[in-house]
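Summary of the model geometry
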Amino acid sequence: MSSTTTLQKAGDPSGTPGDAQPSDGLKAGLKNRHLSMIAIGGVIGAGLFVGSGGGIAKAGPAILVSYALVGAMVVFVMRMLGEMAAASPNSGSFSAYADRALGRWAGFSIGWLYWFFWVVVLAVEATAGAVILEGWVPAVPQWAWALIVMAVLTITNLGSVASYGEFEFWFAGIKVVAIGAFVIIGMLAVFGVLPGSDNPGAGFAHLTDAGGFMPNGWGSILTGVLMVVFSFMGSEIVTLAAGESENPRRAVTKATNSVIWRIGIFYLGSIFIVLTLLPWNDESIVKKGSYVAALDSIGIAHAGQIMNVIVLTAVLSCLNSGLYTASRMAFSLGERGDAPKAFAKVNKKGVPTAAILGSVVFGFVAVYFNYAFKDTVFNFLLNSSGAIALFVWLVICLTQLRMRKILVREAPDKLTVKMWLFPYLTYATAAMITFVLAYMVYDKDNRETVTLSLLVAAVVLVIGVVRDKRRKAAATSAATASASVEA
């Protein structure tokens with residue numbers, strides 16, 4: 001029997017008859033080192049390397065405030081999720097908790113939206129990886145490279161959860177080492193003590209010497225928030241993976257407690273280095289990318305190719321984790337009767353084969369749309385999934401407000417991780433997420449994304465509510481029929 005099953009049976013707060021039944025299918029194949037690296041690497045997406053230049057161009061050095069605000073929001077959301085996951089590790093994570101705390105309709109809706117988000121991400125990341133690989137080996141067309149990377153990582157996930165963990169351990173390790181080296185080398189160059197550096201080192205002068213710290217005004221911070229918020233998606237993956245680890249509670253607690261320094265070093269630290277090595281309005285930051293521009297300023301040879309290797313690693317990591325995450329969410333939905341029953345079945349190795357294949361098939365279809373109907377169908381898929389990350393974080397806030405009461409009443413000994421300043425900080429985080437969504441509606445560049453995402457969310461929500469009502473009506477009818485027979 002898996003760790004997941006034992007914990008769910010022994011410690012999950014008791015639920016209603018409609019609650020998901022625990023499964024003994026998934027195996028505890030992830031080791032502590034796997035979970036540690038998944039937790040660290042989960043916050044480092046390709047968006048950090050590729051998209052940071054645009055944010056710097058919009059907000060200048062004040063982009064650090066944007067990163068800090070979003071980083072704080074993610075820290076608080078992870079703390080809330082950590083509280084629930086440490087009390088009851090579950091492969092469905094926040095979807096299963098929403099199911100318990102808010103209702104079956106909530107778990108159904110956010111679970112399917114999250115699945116949709118990740119299968120679209122599969123197509124985006126496969127294409128991004130294919131672009132880099134085609135540049136290295138142009139004889140193989142881009143579509144073939146996308147097919148190859150998707151197929152390889154599908155095989156990896158079908159092998160065993162340990163295969164996923166091992167691949168992610170090395171993928172994440174490369175990202176961590178790369179950013180750590182960048183921060184150390186960059187800091188030496190900033191103060192002019194790096195041997196052989198082409199950058200004279202200006203200390204912290206570049207933070208204010210090109211129009212001040214906030215050259216484009218306060219509004220640029222909010223614009224920056226919209227540009228960087230999506231690069232943080234993925235930090236919650238560790239709470240899904242924890243259910244298949246040797247010690248779920250320990251893994252979740254450790255990941256939750258370390259999220260502050262992870263965001264501080266990898267996001268704020270690395271962007272700070274870029275901004276102190278170069279003036280924020282240096283054209284190379286947008287043209288080459290922020291990290292390549294910074295490395296070029298130091299005089300590191302082949303900086304562009306070095307960054308391509310790192311970005312490809314980040315892309316493969318995101319693909320690997322995206323397929324794992326989508327399949328485990330599909331598995332959880334299948335267990336709860338909200339997805340085809342086949343999704344809840346596992347093979348002898350404890351792998352939910354149907355859930356993986358179902359997810360990757362949609363991913364392959366999305367890749368096809370990206371090549372055949374990029375400006376129509378795929379553009380719709382991309383925009384309609386764009387704001388789902390924020391929906392997930394908002395639902396986590398609302399769920400934690402209810403789950404705390406349930407845990408205090410039914411299993412107070414399992415509150416080993418607690419949200420700070422509850423409930424005030426939970427309310428404040430939910431308000432901030434709501435504000436960001438509202439600002440996206442106001443901002444013309446993000447209006448289409450949030451509008452289409454809200455439309456898709458509304459459709460899924462309606463389906464969830466209707467299913468919930470039918471389920472309750474069926475349960476009531478069955479209870480009435482049973483009472484009549486007994487009478």
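About the cut-offs
- Residues numbered from 1 in each chain as written.
- Predicted model: local features only at pLDDT ≥ 70, side-chain atom pairs only at ≥ 80, totals over all residues.
- Heavy atoms only, no water.
- 1 Å grid on protein atoms, 1.4 Å probe; cavity = no way out; pocket = protein on both sides within 12 Å on 5 of 7 lines; lining within 4 Å.
- Points joined across faces, edges and corners; volume = space filled by probe spheres on them.
- Helix = DSSP H or I, 4+ residues; strand = E, 2+ residues; numbered from the N terminus.
- Nonpolar A, V, L, I, M, F, W, Y, C, P; charged D, E, K, R; others polar.
- Buried < 20%, exposed > 50% of the residue type's maximum accessible area, 1.4 Å probe, protein only.
- Contact = heavy atoms within 4.5 Å.
- Phe/Tyr/Trp six-rings, centres within 6.5 Å; stacked < 30°, edge-to-face > 60°.
- Lys NZ or Arg CZ within 6 Å of the ring centre and 35° of its normal.
- Salt bridge = Lys/Arg side-chain N within 4 Å of Asp/Glu carboxyl O.
- Patch = residues over 30% accessible without salt bridge, like charges linked within 9 Å, V, L, I, M, F, W, Y side chains within 5 Å.
- Areas by Shrake-Rupley, 256 points an atom, 1.4 Å probe, with all protein chains shown as cover.
- pLDDT = per-residue confidence, 0-100.
- Axes fitted to C-alpha atoms, helices over the stretch in contact; angles between N-to-C directions.
- Parallel < 35°, antiparallel > 145°, perpendicular 65-115°, else oblique.
- Left-handed = near helix turned anticlockwise from the far one by under 90°.

1. Details of the layout of surface pockets
There is about 1,200 Å³ of room inside the largest pocket. If you trace the largest pocket, you find 44 residues lining it, with Gly47, Val124, Glu125, Phe230 and Ser231 closest to the centre. Mapped onto the lining of the largest pocket, the elements with two or more residues apiece are helix H2 (32-41), helix H3 (46-59), helix H6 (104-136), helix H8 (161-190), helix H9 (219-228), helix H14 (303-335) and helix H16 (374-385). Top contributing element to the lining of the largest pocket by residue count: H6, with nine residues. For the lining of the largest pocket, the residue count by class is 24 nonpolar, 17 polar and three charged.

2. Remarks on the side chain of Thr325
Topologically, Thr325 is positioned in helix H14. Assessed through its relative accessible area of 0%, Thr325 is described here as buried. Beyond its immediate chain neighbours, meaning those up to four positions away, Thr325 contacts Tyr114, Trp118, Ile237 and Leu240.

3. Structural notes on the packing of aromatic side chains
Applying the stated criterion across every chain yields a total of 22 aromatic pairs. Aromatic pair Phe167 and Phe171: ring centres 5.9 Å apart, planes at 70 degrees, arrangement edge-to-face. Of this pair, Phe167 and Phe171 both sit in helix H8, four residues apart, which is roughly one turn of that helix. According to the relative accessible area criterion, Phe171 is buried, its value standing at 13%. With centroids separated by 5.2 Å and ring planes inclined at 90 degrees, the aromatic side chains of Phe169 and Trp170 adopt a geometry described as edge-to-face. Exposure remark for Phe169: the relative accessible area of 17% places this residue in the buried category. For Trp170, a relative accessible area of 54% corresponds to the exposed category. Taking the ring centre of Phe422 as reference, the NZ or CZ of Arg404 above it sits at 4.2 Å.

4. What to know about H2
The periodicity of an α-helix, 3.6 residues per turn, causes residues three or four places apart in sequence to face the same way. In terms of residue burial, H2 counts as a mostly covered element, since seven of its ten residues are buried. Taken together, the buried positions of H2 are His34, Leu35, Met37, Ile38, Ala39, Ile40 and Gly41. The inward-facing, buried residues of H2 abut H8, helix H10 (237-241) and helix H11 (248-277).

5. Some thoughts on the pattern of salt bridges
For the structure on display, the rule yields twelve salt bridges. Note that Arg404 and Glu83 form a salt bridge whose closest N and O atoms lie 2.8 Å from each other. Residue Arg404 is located in helix H17 (residues 388-410), and its partner Glu83 is located in helix H4 (residues 63-87); the two are separated by 321 residues in the primary sequence. The class of Arg404 is buried, set by a relative accessible area of 11%. For Glu410, the salt bridge identified is with Arg409, shortest N-O distance 3.5 Å. Owing to a relative accessible area of 32%, Glu410 belongs among the partly exposed residues under this scheme.

6. Notes on a nonpolar patch on the surface
Nonpolar side chains collect at one region of the surface, where Ile184, Leu188, Phe191, Val193 and Phe204 lie side by side and expose about 490 Å² of accessible area between them. Checked against the element boundaries, Leu188 lands in helix H8.

7. Things to note about the confidence of the model for the chain
Of the residues in the chain, 94% have a pLDDT of 70 or more, and the chain-wide mean is 84. When the criterion is pLDDT under 50, residues 1-24 qualifies, and its contacts beyond four places in sequence or with other chains add up to 46 contacts.

8. As for the side chain of Ser290
On the secondary structure map, Ser290 appears in helix H13 (residues 290-298). In contact with Ser290, other than residues within four places in its own chain, are Phe49, Ser52, Gly53, Ile56, Val274 and Ile285.

9. Here's the deal with the packing of H6 against H14
Contact geometry for H6 and H14: axes closest at 8 Å, N-to-C directions at 155 degrees. Accordingly, the angle class assigned to the pair H6 and H14 is roughly antiparallel. Here H6 runs over H14; the crossing is left-handed. Looking at the contact of H6 with H14, its residues break down into 24 nonpolar, seven polar and one charged.

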